[in-house]
Amino acid sequence: MQRYPIGTNAVDLHNASLHFLIIDSFLKRGSAPSIQELAERFDVDSDSIRSALRNLQDYHGVVLHPHNQEIWVAHPFSTVPTGFLVRSNHREWWGNCAWCSLGVAALAGSVATITTCPGFDRSTVEILIEDGDLKDRDFVVHFPTPMAKAWDNVIATCAMMLLFDDEAHVDEWCAKHNKPKGDVRPLAQIWHFAKEWYGRHADRDWKKWSANEATALFARHGLDGPIWEIETQNERF
């Protein structure tokens, strides 16, 4: 396993630097760094990393495994298998949801594929992105959870954010599983949105979108209605 250099290459430990190394690890080797690896990279003890990871989780920069505090999710990446597999240039990752998977593809490079099953009850499909352009557009993304409640249980929020054949498929799926219908958007619209939303996630000076910034970004991409309303006085989204 690739390990991080330590000692003289240690860097300051804060949300942005920690987040950068996590995302960089996903992009370069397809997995998250362990607590021990991060401790070596920052030249600090494991308890300091655990504390920093908890701070980053409070900032909505990661989701930690509840039993060992290792990284579970660093949006748009998941450390555990999901229904979305993204591939690019012999690398592959799991995306948390349809939106996240598009974000992974945007970070991965100019050519990527997303493999999933619409509604998890159809045949497997492969979504192709080539030279930054979405080639397969005949799908929709369902957003059943209001953005204002997305972080109440973000794992469940992502688990419900699926690709579908069309809006009729969403209606059938919601009725069959007794799930609320939310907002349904064309895949191409969410692709352009995901590219901007996740576009700075690999930056060294990354920071979360503020609620005001998120609201403006939703509006810029035509995402409106009750699902997309959030409290703008919040410091972050």
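Look above for the structure.
Residues numbered from 1 in each chain as written. Predicted model: local features only at pLDDT ≥ 70, side-chain atom pairs only at ≥ 80, totals over all residues. Heavy atoms only, no water.

**Quick word on the overall build of the chain**
Next up, step 1: Per the secondary structure count, the chain includes eight helices and eleven strands.
Next up, step 2: Its C-alpha radius of gyration of 18 Å places the chain within 12% of the 18 Å reference for a compact globule of 237 residues.
Next up, step 3: Judged by the C-alpha coordinates and their principal axes, the chain covers about 55 × 40 × 35 Å.
Next up, step 4: Counting all 237 residues of the chain, 49% fall into the buried class.
Next up, step 5: For the chain, the distance from the average position of its 23 positive side-chain charges to the average position of its 32 negative side-chain charges is 2 Å. (Helix = DSSP H or I, 4+ residues; strand = E, 2+ residues; numbered from the N terminus. Rg over C-alpha atoms; globule rule 2.2 N^0.38 Å. Buried < 20%, exposed > 50% of the residue type's maximum accessible area, 1.4 Å probe, protein only. Lys, Arg positive; Asp, Glu negative; His and termini not counted. Charge placed at Lys NZ, Arg CZ, Asp CG, Glu CD.)

**Details of the sheet that holds strand S10 (residues 163-164)**
Next up, step 1: One open sheet holds the three strands; their spatial order is S10-S9-S11, and the pairing between them is antiparallel. Each edge of the open sheet carries a strand with a single partner, namely S10 and strand S11 (183-186).
Next up, step 2: In this fold helix H6 (residues 167-177) packs onto strand S9 (140-143), S10 and S11, with an angle of close to 40° to the strand it touches most, S9.
Next up, step 3: Sheet strands touched by helix H7 (residues 187-197): S9, S10 and S11. Its angle to S11, the strand with the most contacts, is close to 85°. (Pairing = 2+ DSSP bridges. Contact = heavy atoms within 4.5 Å. Axes fitted to C-alpha atoms, helices over the stretch in contact; angles between N-to-C directions.)

**A closer look at the pairing of strand S5 (residues 91-95)**
Next up, step 1: Of the strand pairs in this sheet, strand S3 (residues 77-78) and S5 are connected by two bridges, and their pairing is antiparallel. Within the sheet, the bridge partner assigned to phenylalanine 77 lies in S5 and is glycine 95.
Next up, step 2: Relative to S5, strand S4 (residues 85-88) runs antiparallel, the two being bridged by four bridges. Along S5, the bridge assignment pairs valine 86 with tryptophan 93.
Next up, step 3: Where S4 hands over to S5, the hairpin turn is made up of two residues, of which asparagine 89 adopts a positive phi near 50°.

**Quick look at the sheet that holds strand S6 (residues 111-116)**
Backbone-to-backbone hydrogen bonds join strands into a sheet, with any given pair of strands oriented parallel or antiparallel.
Next up, step 1: Sheet architecture is open: eight strands sit in the order S1-S2-S3-S5-S4-S6-S7-S8, paired in antiparallel fashion. Of all strands in the sheet, those with a lone pairing partner are strand S1 (63-64) and strand S8 (133-134), marking the two edges.
Next up, step 2: Across two bridges, S1 lies against strand S2 (residues 71-74) in antiparallel orientation. Across the sheet, residue leucine 64 finds its bridge partner in S2, namely isoleucine 71.

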